[in-house]
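Structural description and commentary
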Amino acid sequence: MQADDNHSVLVEIFLYEGKAEDAWREASEGGCSDSLWLRLAANREKEHPEDAAPIYLKYAEAGVAATSNGRYEDPVNLLAKAAAVMKRLDRSAEFVRHLEALRAKYKIKRNFIKLVEQNGSRCTSRSYADSRSNLGSDGAHFANRWTRASCGIPRAFACPHSFSSSSSRLR
């Protein structure tokens, strides 16, 4: 993922023509706009989830960093997508570690933390012990405190549909 958008026009054309692999190649080689990266991630989510997860995580963090005292729904929706993709890749523990790092980095952003906590406490199914075992004591403590009970990934992050839909813009 490059910051520039030199190949945005080519990526857009390839996507319009239904040539998703060519669009991915162009974006990877020359970069594209943020909105196109998110479209590419959505297109690759099913067949290439390992490509989609880093894009969702990157833009979720960018959204949190760019937002001041308000609209964190978009970044949290991206976190939900990343969680779902990473769960399919059996990388739930990695997602929890990433989420823990975001919470620590942006702990001053109370509205973000509140939204994460609201959406992370909805799961009431089986114990979180399976995914905690690879986190170490600090990660396990965080995961326990954050979800109390879970099914591998906090329920809100396991199902993107549990969030209200909002605009796809990050800024």
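What comes next concerns the included structure. (Residues numbered from 1 in each chain as written. Predicted model: local features only at pLDDT ≥ 70, side-chain atom pairs only at ≥ 80, totals over all residues. Heavy atoms only, no water.)

1. Overview of the overall build of the protein
We count it as follows: Under the scheme used here, helices are H or I runs from DSSP no shorter than 4 residues and strands are E runs no shorter than 2 residues, and both carry numbers assigned from the N terminus. Relative accessibility under 20% of the residue-type maximum defines a buried residue, over 50% an exposed one, and the middle range a partly exposed one, all with a 1.4 Å probe and only protein chains included. By the convention used here, residues are in contact when the closest approach between their heavy atoms is within 4.5 Å. With residues, only the protein chains shown are counted as cover, and all accessible areas are computed by Shrake-Rupley using a 1.4 Å probe.
The secondary structure content of the protein amounts to 10 helices and zero strands. Element order for the protein, N to C, with α for helix and β for strand: α-α-α-α-α-α-α-α-α-α. Sorting the 171 residues of the protein into buried and exposed places 46% on the buried side. Sequence separation of at least 24 residues holds for 67% of the intrachain contacts in the protein that already meet a minimum separation of 6. Just so you have it, the protein exposes about 9100 Å², and 49% of that area is on carbon and sulfur atoms.

2. Considerations on unusual backbone geometry
Phi at aspartate 90 is positive, roughly 60°, even though this residue is not glycine. Following the sequence through the fold, aspartate 90 ends up in the loop between helix H5 (73–88) and helix H6 (92–105). The exposure class assigned to aspartate 90 is exposed, which follows from its relative accessible area of 71%.

3. Some remarks on the side chain of aspartate 51
Quick note on the threshold: Two N or O atoms count as a polar contact when they lie within 3.5 Å, although within protein this holds only if one can serve as hydrogen donor and the other as acceptor, and sequence-adjacent residues are included solely when both atoms are side-chain atoms.
Following the sequence through the fold, aspartate 51 ends up in helix H4 (residues 49–66). Of note is the side chain of aspartate 51, whose polar atom sits 2.6 Å from the side chain of arginine 44. Excluding residues that lie within four positions of it along the chain, aspartate 51 makes contacts with Trp24 and Arg44.

4. Regarding the packing of aromatic side chains
Any pair of aromatic rings gets described here by the distance separating the centres and the angle formed by the planes. So the rule is basically this: Stacked, edge-to-face and tilted labels apply to pairs of Phe, Tyr and Trp rings (six-membered ring for Trp) whose centres lie within 6.5 Å, assigned for plane angles under 30 degrees, over 60, and everything in between, in that order.
Here the structure, examined in full by the defined rule, presents two aromatic pairs. With a centroid separation of 5.7 Å and 85° between ring planes, the pair formed by tryptophan 24 and tryptophan 37 is classed as edge-to-face. Of the two residues, tryptophan 24 is situated in helix H2 (residues 20–30) and tryptophan 37 in helix H3 (residues 34–44); the sequence distance between them amounts to 13 residues. In this pair, the class of tryptophan 24 matches that of tryptophan 37, namely buried.

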